[in-house]
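The chain contents come next:
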Amino acid sequence: MTSSLFRGRPRRRAPASISARMLYTVLGGLTGLVWLVLPGVTSHSTTPVPAHRTTEAPADQAPAPATVAAETSATDLVVPLVAVVVAVVLGGYGYLRRTRRARTRTTPARSAPYAGSTPPPLSEVDEQVRTLLVEADDWVRVAREELDFAEASLGAPAVIPYVRAVREAEAELSAAFRMREQYDAGVPEDPAERRQALAGIIGRCQEAGWRLDTDADGFDRLRGLERGSAAGLADALVVAETRFRRLAGSIGGAEARLVGLGARYGTGATASVTGYPEQARDRLVFATARLNASHQCADRGEPDRAARHLRAAEGAIAQADGFVTAVDRLATTLASADRLLPSALTDAEADLAQAHKPTPEHAPPPATPGRLRPDPGPTGATRTAPDNDTSATPPTDPDHPHPDNTPPEPPPPEPDLPHPESAPGTAPRPQPDPPHPENGPAAATPAEPDRPRPEGNSGGATRPQPEQPLPEGTGGGASLAQPALSQAEFTGVPRRGWRAFTVRRSSPPVLPASRVAGGEAVDSPYASGELGARVESAGGVLGGVRRMVAGGVYDPLDALRRVVVAMWPLDPGRTGAVAGAAALVAEHATADADTFVGTHRGAVGSEARTRLAAAVRQLEADPVAADASARRARELAERDVRAHGNPLTGATGHESGLAGALLGGVLLSPASAHPAAAVGPPPSFGGPRTWGRRAGEPA
C-alpha cells in the first residue's frame, strides 16, 4: 500500500460526491413533478368533500369564478417551481465546483492521469520534478525577501496575513523536499509507486505556488505597487535606499574583519566566506543603477517600470545583506567556538577517562577489616589472616599445633566438594600445607568466602595451576552478569604478598554506569569491541585536537566539529559542553549553506536544496546529521555554480553587476536563447502565475 506521504497533499473536505448531488437533483425534480400532477389526480375523485358553513358574501364582493381558478392554479405551481429551481441551482453549483476543482487540482487524478494513452517515461517526470522543486524554492525565497521590505515599510501587523501564506507555502515545500529525499533513497521501490511519489511532489509544489498566487494581488495593493499605481513607490524607495546606505558603509568593515579572522585563525577558517565582501559590492553596484532607473521612471510617470526597477534593486540589496551578514556570523561563531573548545575537550576527555575505568561489576571488592584474604606461599598453599591482624596466623594442622593451643576462629562454612581422587563422602577434606619457613608473615589479598574454586581443588589448599583457557563463548573476558570472577578469569604470576589480578575484558564500557543508567551498574553493550574501538579512535581525535590547539593558529570551529563527531556516536543523548558544541556547529553550517544557496539561486539545482532542507529538518533531533547534510548541500551548490559558469560574455555585465544578478536570481532567466541580448524581469511575491508579473521590455 502506498504511504499517505506519497499521495500528494491531503484532500480538501468536499460537501458530497457528484453522484449524491445528481441524486438530490433527480429527487427534487420528481418532487416537483408529483406536486404538479397531484391536483389533476385529485380533481376527478368521486369522494364527496364535506361541506362547511360559510357566510355568503354580498353580490358586489363575490369574486369571479375565473379569478378564483387562476389564483388556485398559480398557488399550486409556486411551490413545485421553487423546488425545481432550487434543485437545478444545487446541481449546477455542484457541477461548477467539481469542474473548478478538477481544473485547479494539485494532486494527480486517480484515473487517466495523462492525456495520452502512454504515460511519459519516469526519467522525464523526474526531471520535471527537479525543475519544479527549484522553482518552488525560489518562490518561497523571493516571497520572504519582499515580505521583509514590506514589513520594514508598513510594520509587522500589516503583513501578518502574508506571513501566514508564506509559512503555509514553506510547509508544503518542506513536505515536497522530504518526499524527494525518500525518493532519492529508493523509497518506494515499486516503479508504479515511485511514479505516484513524483506526482505527489508535483502536487505539493503546485499547492505552495497556488497559495502564494492567491495573495499576490493583495500584497501589491498593500505595498501600493499594483499595476498603474505608484501610491507606495516613494515609501518603498526610502526603505530600499536606507538599507543600501547602511550596507555600503559596512562592506569595508566586513573586509577588515575577514582579514583579522584569517590572521588569527588561519585562512582555512575563513574559506567559506572568501570573496563575500566583493560579491556584496557587486550587488550594490547593480542596485545603484536600478534605484536610479526607478527614480527616473517615477519622475516620467511610468509607475510600472519604476516598480520593476525597484524590485530588482530590492533583490540585489537583500543578497548584499546576506553576504555581509555571513561574514559577521562567521566572526561570532569562531569566537564562540574558541571559548567553548576548552570545556568541550575537558568534558570529552573526562568521559573517555571514566570509560576506561572498570564498572562496579568488574572491579574486585575493596578490602575491609575482618575480611579474609588469600596469600599463596611458595608451594601454592593459601593462608588467611584478618586484615586487622598484623601477625600471621598459621593454619590449623594436627602435626603443627597452634602455639597457644587455641584453635583460630574457623572461616565461614563452605559446601564440601568431593576430592577428585576419592569417592564422595569417603575421605575428609584435605588440610592446608604447613607454612613455608621462608615465607614470613602471611600477606592478604581479598577473597570472597563464597567464591567457587576451580575444578580439582578441594578444601582450602590451592596449588599453583597453569593459566587455564577461558570457556568457549566468553569472548576472552568475564561475564558482566557474573558477580564473582573465577580463577580462570585472572592472569598474573603468583608472587609473595599481594597477587596482581588483571581482569580480561574485550573492551571497556564507553561511558560510566552513572551516565548510562542513573548511577546503577548495567551490562555493557560494548562486549563486541566495536564501540571499544570507537573509544580508542575518539581518544586519538582528542589528542590530535590538543596538539592542534597547542600549535598556535588553528580553526576553532573545525576543532570543535572534530570533537563532536568523535564523541557524539558514543552518547547521542548527551548534554553539556559537547552538546552545546554540536548545536553551534550544526546551526552555523546550515546558515552558511542557506546563504550560499540563496545568493546563487540562479545556478543551484534541486539536489543541493534537498540536502539543505534535510539539514533544517534535522537541526533539533540530530545536530551531527544536520551538520553533515548542510556541508554536503554547500558542496553540491558550489559544484552547480562552477558548472553554470558566467551567464554573460564581455565586461559590460560585470561592470554593471548584471552577471552577478543573474547568478543570484535577482533577475529571471530570459526566454530568449541569447542571454547577452536580454534578461528576464525581477521576481516578485507570488507563485508560478504571478512571480514574473513585472515583466516589461528586456533590460
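Attention here is on the structure that accompanies the text. Worth saying up front: this structure is predicted, and the values here are computed from it rather than measured. (Residues numbered from 1 in each chain as written. Predicted model: local features only at pLDDT ≥ 70, side-chain atom pairs only at ≥ 80, totals over all residues. Heavy atoms only, no water.)

## Digging into unusual backbone geometry
Rules: Secondary structure counts use DSSP, requiring at least four H or I residues in a row for a helix and at least two E residues in a row for a strand, with both numbered from the N terminus.
For the bond from Val 187 to Pro 188, the omega torsion is 0°, close enough to zero to count as cis. In this structure, Pro 188 sits in the loop between helix H4 (160-184) and helix H5 (191-223).

## With respect to the packing of helix H13 (residues 606-618) against helix H14 (residues 623-644)
For clarity, the threshold we go by: Where helices are involved, their axes are fitted lines through C-alpha atoms of the stretch in contact, as for all axes, and angles between N-to-C directions lie from 0 to 180°. To sort the angles, those under 35 degrees are grouped as roughly parallel, those over 145 as roughly antiparallel, those from 65 to 115 as roughly perpendicular, and the leftovers as oblique. When the near helix sits turned anticlockwise from the far one by under a right angle, the crossing is termed left-handed; a clockwise turn instead gives a right-handed crossing. We call two residues in contact whenever any of their non-hydrogen atoms come within 4.5 Å of each other. Three categories are distinguished: nonpolar for Ala, Val, Leu, Ile, Met, Phe, Trp, Tyr, Cys and Pro, charged for Asp, Glu, Lys and Arg, and polar for the others, with Gly belonging to the last.
Across the interface, H13 lies against H14 with an axial gap of 8 Å and an inter-helix angle of 160°. By the angle between their axes, H13 is roughly antiparallel relative to H14. Note that H13 runs across H14; the crossing there is left-handed. Contacts between H13 and H14 involve Glu 607, Ala 608, Arg 611, Leu 612, Ala 614, Ala 615 and Gln 618 on the former and, on the latter, Pro 623, Ala 625, Ala 626, Ser 629, Ala 630, Arg 632, Ala 633, Leu 636, Ala 637, Arg 639 and Asp 640. Among the residues forming the contact of H13 with H14, the class breakdown is eleven nonpolar, two polar and five charged.

## A short note on the environment of Thr 25
Put simply, the rule reads: Each residue is assigned to one of three classes by its accessible area relative to the maximum for its type, calculated with a 1.4 Å probe on protein chains only: buried under 20%, partly exposed between the two thresholds, exposed over 50%.
By the secondary structure assignment, Thr 25 is in helix H1 (residues 18-43). By relative accessible area, Thr 25 is classed as partly exposed at 24%. With 62 residues separating them along the chain, Thr 25 and Ala 87 place their C-alpha atoms 5.0 Å apart. In this view, Thr 25 contacts Ala 87 and Gly 91; residues no more than four positions away in its chain are not counted.

## Some remarks on H13
Definition in use: By this rule the span expected of a helix is its residue count minus one, scaled by 1.5 Å.
Here H13 spans 18 Å end to end across 13 residues, near enough to the 18 Å set by a 1.5 Å rise per residue. The inward-facing, buried residues of H13 contact helix H3 (122-154), H4, helix H12 (577-599) and H14.

## Thoughts on the nonpolar core
Here is the rule: What we call a nonpolar core is a set of buried Ala, Val, Leu, Ile, Met, Phe, Trp, Tyr and Cys residues that are connected through their side-chain atoms within 4.5 Å.
Judged by nonpolar contacts, the single largest core of 86 residues is most densely connected at Phe 286, Ile 317, Leu 341, Leu 560, Val 563 and Met 567. Take this core: its biggest share by element is 20 residues, from helix H8 (residues 303-355). Other than its neighbours up to four places away in sequence, Met 567 contacts Ala 348, Asp 351, Leu 352, Ala 538, Leu 542, Arg 574 and Val 578. In terms of nonpolar packing, the next biggest core, distinct from the first, is built from 32 residues, Trp 139, Val 140, Ala 150 and Ala 169 among them.

## Let's talk about the pattern of salt bridges
Opposite charge on two side chains lets them pair, provided their charged atoms get close. Rules: Salt bridges are identified by distance alone: a Lys or Arg side-chain nitrogen within 4 Å of an Asp or Glu carboxyl oxygen.
Tallying each qualifying case throughout the model produces 38 salt bridges. For the salt bridge of Arg 609 with Asp 138, the shortest nitrogen-to-oxygen distance reads 2.9 Å. Here Arg 609 is found in helix H13, whereas its partner Asp 138 is found in helix H3, with 471 residues between them in sequence. Connected through shared salt-bridge partners, Glu 145, Glu 146, Arg 223, Arg 311, Glu 314 and Arg 601 make up one network.

## Description of the packing of H8 against H12
Contact pair H8 / H12: the axes reach a minimum separation of 9 Å and the direction vectors enclose 165°. In terms of axis orientation, H8 runs roughly antiparallel to H12. The handedness of the crossing between H8 and H12 is left-handed. Of the residues in the contact of H8 with H12, the class split is twelve nonpolar, ten polar and three charged.

## Quick look at the packing of aromatic side chains
Cut-off, in case you're wondering: For this analysis, a ring pair means two rings from Phe, Tyr or Trp (six-membered ring only for Trp) whose centres lie within 6.5 Å, classed as stacked if their planes differ by under 30 degrees, edge-to-face if by over 60, and tilted for the remaining angles.
Tallied over the full model, the rule gives four aromatic pairs. Each ring, one from Tyr 162 and one from Phe 219, has its centre 5.4 Å from the other, and the planes form 70°; the classification is edge-to-face. Taken as a pair, Tyr 162 in helix H4 and Phe 219 in helix H5 lie far apart in primary sequence, 57 residues in all. Considered together, Tyr 162 and Phe 219 belong to a single accessibility category, that of buried residues. Between the aromatic rings of Tyr 162 and Phe 685, the centroid separation amounts to 6.2 Å while the plane-to-plane angle is 90°, which identifies the pairing as edge-to-face. Of this pair, Tyr 162 sits in helix H4 while Phe 685 is found in the segment after helix H16 (658-664), placing the two residues 523 residues apart along the sequence. Like Phe 685, Tyr 162 is buried.

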